[in-house]
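# Commentary on secondary and tertiary structure
Now for the letters of each chain:
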Amino acid sequence: QKPILNFIGWVIIIFGKTYQIGDTISINNSTGKVYDISIMHTHISELNLDGDSTGKSITLPNEFVFIHSVTNFSKGTDYVWDNIIINITYKSNWEKAIKIVEKVVQDYYNKNIKKEIKEALTENFKEHEKVIVRFGMYEKGLYIKVRYMVNFNNSNEIKRELTEIILNRLKTRDISFGKTESVDS
């Protein structure tokens, strides 16, 4: 029974264009880049949560297309929401920190990403014109979370660059991060 299901799964994958070699997919809690599709199995190079290769190869039976949902990150658009979270202490000037983070990311977005997104997402561009900033508390301090659209293929490089700019801009006396303190201290 399994060989028949795997064969039918292969037919659906190939002719239904569920995914193809080179696509980044997630299925059954496994995420990776497809490098081979045989009649019985699909082989992927595993990717971690940051999209970097782990060096592991995962073999998935083709019948999984019947059992599990398949997310194909390569279909449709290459643009995804990404975010950066900055943790600051309770005693920090959080209003100033929010303004700095929002300005840094919006300026970078306007200069380096916005035009590309506008061309790719012509119909829904208004929803992606501005970065989104969230703010809240957690047990060890406050967090600032900034969300922005980015091309999945260079999201890690952009996140590194933005994080470096943000951290350099937050180096002021009234903003501190990386410490643990309680609300009472």
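Above this text sits the structure in question.
Figured I'd write up the structure that's included with this text. Source: prediction; values computed, not measured. (Residues numbered from 1 in each chain as written. Predicted model: local features only at pLDDT ≥ 70, side-chain atom pairs only at ≥ 80, totals over all residues. Heavy atoms only, no water.)

With that out of the way, let us pick up a nonpolar patch on the surface. Together, Ile 4, Phe 7, Ile 8, Ile 12, Ile 39, Phe 66 and Ile 67 make up a nonpolar patch on the protein surface, roughly 630 Å² of accessible area in all. Looking at the nonpolar patch, the elements that each hand over two or more residues are α1 (2-15) and α2 (64-67). Looking at the nonpolar patch, the element that brings in the most residues is α1, giving 4 residues. Relative to the helices and strands, Ile 67 resides in helix α2. (Patch = residues over 30% accessible without salt bridge, like charges linked within 9 Å, V, L, I, M, F, W, Y side chains within 5 Å. Areas by Shrake-Rupley, 256 points an atom, 1.4 Å probe, with all protein chains shown as cover. Salt bridge = Lys/Arg side-chain N within 4 Å of Asp/Glu carboxyl O. Helix = DSSP H or I, 4+ residues; strand = E, 2+ residues; numbered from the N terminus.)

Residues Thr 24 and Ser 26 of strand β1 (residues 24-27) are buried on one face, and the alternating residues Ile 25 and Ile 27, pointing to the opposite face, are buried as well. Two elements, β1 and strand β2 (residues 30-37), share 4 bridges in a ladder whose sense is antiparallel. Paired with Thr 24 across the two strands is Lys 33, which belongs to β2. Counted along the chain from β1 to the antiparallel partner β2, the turn is 2 residues long, and its residue Asn 28 has a positive phi close to 55°. (Buried < 20%, exposed > 50% of the residue type's maximum accessible area, 1.4 Å probe, protein only. Pairing = 2+ DSSP bridges.)

In this section: the pattern of salt bridges. The tally for this structure, following the rule as stated, stands at 6 salt bridges. Across the pair Asp 174 and Lys 96 runs a salt bridge, and its minimum N-O distance is 3.3 Å. In this pair, Asp 174 sits in the segment after α5 (155-169) while Lys 96 sits in helix α3 (residues 94-112), placing the two residues 78 residues apart along the sequence. The salt bridge partner of Glu 129 is Lys 114, with a shortest N-O separation of 3.8 Å.

What follows is about the packing of aromatic side chains. All chains considered together, the criterion is met by 3 aromatic pairs. Geometrically, the ring pair formed by Phe 73 and Phe 152 is stacked, given 6.1 Å between the ring centres and 10° between the ring planes. With Phe 73 in the loop between β5 (70-72) and β6 (79-88) and Phe 152 in the loop between β8 (141-151) and α5, this pair connects stretches of sequence that are 79 residues apart. Arranged with centres 4.9 Å apart and planes meeting at 20°, the rings of Trp 94 and Phe 135 form a pair that is stacked. Separated by 41 residues along the polypeptide, Trp 94 in helix α3 and Phe 135 in strand β7 (residues 132-138) bring together distant segments of the chain. Residue class for Phe 135 comes out partly exposed when judged on its relative accessible area of 33%. (Phe/Tyr/Trp six-rings, centres within 6.5 Å; stacked < 30°, edge-to-face > 60°.)

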